[in-house]
Amino acid sequence: MSAPLATRAPYAESRVGPNRVALLKDGFQAYPAMLSAIAAARSTICLETYILKDDELGLRFLSALMERARAGVEVLLMFDYWGSEVADETLVALADAGVKVHVFRPWRYLGSLSRAFSKVRRRNHRKSLIVDGEVGFTGGLNISNDYAAVIDGGAGWRDTHVRITGPDAQSLERLFLITWTQNKGAKFDLKRFTRPRFAGCEKLRVVGNDFALDRKGIRRAYEEAFAKAALRICVTNAYFLPPAKMVRGLVLAARRGVKVKVILAATTDVKLVLYAARGLYPRLLKNGVEVYEWASGRILHAKTAVVDGTWATVGSSNLDPMSLRQNLEVNAIVTEPSFGAALERMFNEDLEHCEQITLADVKQYGLVQRLLSWIAYRLRHWL
């Protein structure tokens, strides 16, 4: 097995009520912290991800889970069938070690057509890790080599995660367990997950999109923050196809004098989404919204925002129809100024790797690109 990943300090860490919330930049900071938390587990581990691959990075995590399961820790692993690539022999090894595995919404009876059909159904796009109900992680990072740092043998995708140390990690755990139970995951030792009741921290909220009552929770949180903005809105989003009300919120904020900046992915794994997003550029730019495209050569996958330096969110949710209307998602929302300031500082550093887009740039797009943008934007609900 490869040598352990070196421990790295977080980008920033803030006290938020009874919790410590660490801002983690890229797999470079997030993965060592996550593996360290797993290694220290005493009673329970819950790991949930949209993409899990049994590549080098994935096997680091799976080996760590198996080691803890053999030591008597209750380990629950849930990953999405559509997003993941895990060999049958890997699943057998996990089961033999005592890891309880739930593959989210598999399609087993359609042969080679199974993946094509499964994509049209709602997926589990969350990324969360909770250890002993005391430490929780969430954000944009899946479990694969794509997100690992180049120095660690990965592709170095740009992404952001948070670590919550304290009682509010239980909010992530409850969300995980509800999803596990509702989707008929294997029975687990419920007594281990019986935690003392606590009053949630007002400055830290875990907001999940469900398939039913709470499906619009993340969307509403963004819209309310944009409506209240007085000074600055800074949005980084890998797949940016927001609903009309959210676009209107950004436009109205810019018109009333708020400095609105968005970083979108020109270096992306889904080019069609980029073309669709460019269909929004004329309206945004004409109303004073500053648009930047990430152009560092690394894939941008982060989903973050900070408003007035005080309201901040890091999570799994893109600002597109799939995340806001269909998929299971989870975002952490923090209203502690020191955390917001750190996320805004990260945003400004990312601007150094971006190209600002102007109306003149948009007018210079060729006929083919304008046509692709027009078509892709009108197909945005299917992307």
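Read on for a plain summary of the structure. Remember, predicted model here, so these are calculated numbers, not experimental data. (Residues numbered from 1 in each chain as written. Predicted model: local features only at pLDDT ≥ 70, side-chain atom pairs only at ≥ 80, totals over all residues. Heavy atoms only, no water.)

**Here's the deal with the pattern of salt bridges**
Phase 1: In the structure shown here, the tally under the stated rule is 23 salt bridges.
Phase 2: Between lysine 53 and aspartate 146 there is a salt bridge whose closest N-O contact spans 3.8 Å. Linking lysine 53 in the loop between β3 (44-49) and α2 (56-70) with aspartate 146 in the loop between β7 (135-139) and β8 (160-165), this pair joins segments that are 93 residues apart in sequence.
Phase 3: For lysine 53, a relative accessible area of 22% corresponds to the partly exposed category.
Phase 4: Classification of aspartate 146 as partly exposed rests on a relative accessible area of 25%.
Phase 5: In this structure, arginine 278 and glutamate 293 form a salt bridge, with 2.9 Å as the shortest nitrogen-oxygen distance. Of this pair, arginine 278 sits in helix α8 (residues 271-278) while glutamate 293 sits in strand β12 (residues 290-294), placing them 15 residues apart in sequence.
Phase 6: Residue arginine 278 is classed as buried on the basis of its relative accessible area of 13%.
Phase 7: For glutamate 293, a relative accessible area of 5% corresponds to the buried category.
Phase 8: Among the charged side chains, a salt-bridge network with shared partners connects Asp26, Arg158, Arg298 and Asp350. (Salt bridge = Lys/Arg side-chain N within 4 Å of Asp/Glu carboxyl O. Helix = DSSP H or I, 4+ residues; strand = E, 2+ residues; numbered from the N terminus. Buried < 20%, exposed > 50% of the residue type's maximum accessible area, 1.4 Å probe, protein only.)

**Things to note about the packing of helix α6 (residues 217-228) against helix α7 (residues 244-255)**
Phase 1: Two elements in contact, α6 and α7, have axes separated by 9 Å at closest approach and are oriented at 15°. Judged by the angle between their axes, α6 and α7 are roughly parallel. Taken as a pair, α6 and α7 cross one another with a handedness that is left-handed. Contacts between α6 and α7 involve Arg219, Tyr222, Glu223 and Phe226 from the first element and Lys245, Met246, Gly249, Leu250 and Ala253 from the second.
Phase 2: Looking at side-chain class alone, the contact of α6 with α7 contains five nonpolar, one polar and three charged residues. (Axes fitted to C-alpha atoms, helices over the stretch in contact; angles between N-to-C directions. Parallel < 35°, antiparallel > 145°, perpendicular 65-115°, else oblique. Left-handed = near helix turned anticlockwise from the far one by under 90°. Contact = heavy atoms within 4.5 Å. Nonpolar A, V, L, I, M, F, W, Y, C, P; charged D, E, K, R; others polar.)

**So, the nonpolar core**
Phase 1: Formed by 43 residues in total, the largest nonpolar core has its most connected members in Tyr31, Ile45, Leu65 and Leu77.
Phase 2: Of all the secondary-structure elements, those providing two or more residues to this core are β2 (19-25), α1 (26-39), β3, α2, β4 (74-80), α3 (88-97), β6 (128-131) and β7.
Phase 3: Residue contacts for isoleucine 45: discarding those within four places in its chain leaves Ile38, Leu65, Arg68, Val73, Glu74, Val75, Leu76, Leu129, Ile130 and Val131.
Phase 4: Ala12, Leu23, Phe104 and Val330 belong to the second-largest nonpolar core, a separate cluster that totals 41 residues. (Core = buried A, V, L, I, M, F, W, Y, C linked by side-chain atoms within 4.5 Å.)

These figures come from the coordinates and say nothing about function on their own.
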